[in-house]
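Listed below, chain by chain, are the residues.
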Amino acid sequence: MSHANAPLTPTGRLRLAKCVVEDEWTKRRAAERFGVSLTTVRKWVGRYLEHGKDGMTDRSSRPRRSPSQTPRRRERRVLGLRVSRRWGPHRIAYHLGMQHSTVHKILSRYGCVRLSFTDPATGAPIRSSKRKARRYEHAAPGDLVHVDIKKLGRIPDGGGHKVHGRAKGNRNKARGMGYWYIHNAVDDHSRLAYSELLDDERKETAAAFWERARAFFADAGITVRRVLTDNGSCYRSHAFADALGPHIAHKRTRPYRPQTNGKVERYNRTMLEEWAYAAAYDREADRAAQLPAFLHHYNFHRGHTALRGASPADRVHNLRGQNS
C-alpha cells in the first residue's frame, strides 16, 4: 500500500505507464510530467509490460527465501512447550538454547497472548489489569532465606483423580491417605532450595527441619544471616527460635501479606507444577521418590527467569565443584 505522500497511486502508475507504452512518450518526458525519477518510470513501465494493470499494485517486501528463519520443526517445539507447560518466552528460550526475542516473535506470529492474560486452569485468554510487583533481591547468598510449609494431599494406592477421573478418584481419596507437609527453604539471592516431606507442622518438626536446612546451606558454602517466615505457630515457638540460634535474625511477614515471602511462594507453585502434578502417579511412594530428582534439576539445571536463564548453582560460588 502506498503511503499518504506518495507521488504515484496505483491509478497514477497506470496513467504513467500508458503514456509511455500507448501514447509513445519518452521516459524522460513522462518523468518530468509526473514529477518522479527516470528509474521510477522504468520500473512501472516494465511492470505494465509484464503484468498489465495488475502489476500496478505494491508487492510484498518479503524475500522469496529466508535461510536464517527458524525451522518449522523448532517453531512447533516452541508452541508445544507453551501449550503443554505454560512457559514464557524466556523459559522456553533457556530450555531450547534460543534467543528469547526469537521465541517471543514466534509466539506473537502464532497469536499467543501473554500468560498473565490467560486463565491458569483452562489457558483461555482473559485480560488482567494487575500490575507486576517490583522485584527485590538481596545482594549475597545467605542474606535472607525464605521458609514456608506447603500442605499436599497424598495419592491413594491405585491412583487418584488424575488416573481414574473425579468420580473414582474421590472414592479413593475417602480412604484417608492424609497429607504431606512440605517444609521448604529458599535462598533469596540464588533461589537455591531445600525441601523435605514431613508428617506434620509442629514446632519440633519445623525446628528440626531448619537445623537440617542450615546444614544443607552450610555444605553449599552459604552462611545464613536472616530467615523470613510467616506467622504460623510453629515459627513463633521457642523451639524454632532455639534452632535459629543467636546469630540468625528472624523476620516475619505482615499478616495476610504472603507476597512478602513471595520467592518461596513461587517455589511452591513451581514444585506443584513440575513435580507434584507433573505426572499421573499410581501411588504416593512413586511421587515421593521423584522429589530428589526434581530438587537436583531445580538447583543445578533449571533456568530461572528472575536469574536471566541461570540456575541457582550458577549463583553460588563453586557449588558445582569445578574449582579445587
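Residues numbered from 1 in each chain as written. Predicted model: local features only at pLDDT ≥ 70, side-chain atom pairs only at ≥ 80, totals over all residues. Heavy atoms only, no water.

A. The arrangement of the packing of helix 5 (residues 89-96) against helix 6 (residues 100-109) in detail. Relative to each other, helix 5 and helix 6 sit at 120°, their axes nearing to 8 Å. Accordingly, the angle class assigned to the pair helix 5 and helix 6 is oblique. Crossing handedness for the pair helix 5 and helix 6: right-handed. Contact residues: P89, H90, I92 and A93 in helix 5; H100, V103, H104 and L107 in helix 6. For the contact of helix 5 with helix 6, a count of residues per class yields 5 nonpolar, 3 polar and no charged. (Axes fitted to C-alpha atoms, helices over the stretch in contact; angles between N-to-C directions. Helix = DSSP H or I, 4+ residues; strand = E, 2+ residues; numbered from the N terminus. Parallel < 35°, antiparallel > 145°, perpendicular 65-115°, else oblique. Left-handed = near helix turned anticlockwise from the far one by under 90°. Contact = heavy atoms within 4.5 Å. Nonpolar A, V, L, I, M, F, W, Y, C, P; charged D, E, K, R; others polar.)

B. Expanded view of the pairing of strand 5 (residues 249-252). Relative to strand 5, strand 4 (residues 226-229) runs parallel, the two being bridged by 4 bridges. Pairing of T229 across the sheet is with R252, part of strand 5. Note on the crossover from strand 4 through helix 10 (residues 238-244) to strand 5: the handedness is right-handed. (Pairing = 2+ DSSP bridges. Right-handed = clockwise from strand over helix to strand, strands pointing away.)

C. Representation of the packing of aromatic side chains in the model. In the structure shown here, the tally under the stated rule is 7 aromatic pairs. Judged by centre distance (5.7 Å) and plane angle (20°), the ring pair of Y194 and F209 falls under stacked. With Y194 in strand 3 (residues 193-198) and F209 in helix 9 (residues 203-219), the pair connects residues that are 15 residues apart, well separated along the chain. For the residue pair Y194 and F209, the accessibility class agrees, reading buried in each case. Centroid distance F216 to F217: 5.4 Å. Interplanar angle 70°. Geometry classified as edge-to-face. For F217, a relative accessible area of 0% translates into the label buried. (Phe/Tyr/Trp six-rings, centres within 6.5 Å; stacked < 30°, edge-to-face > 60°. Buried < 20%, exposed > 50% of the residue type's maximum accessible area, 1.4 Å probe, protein only.)

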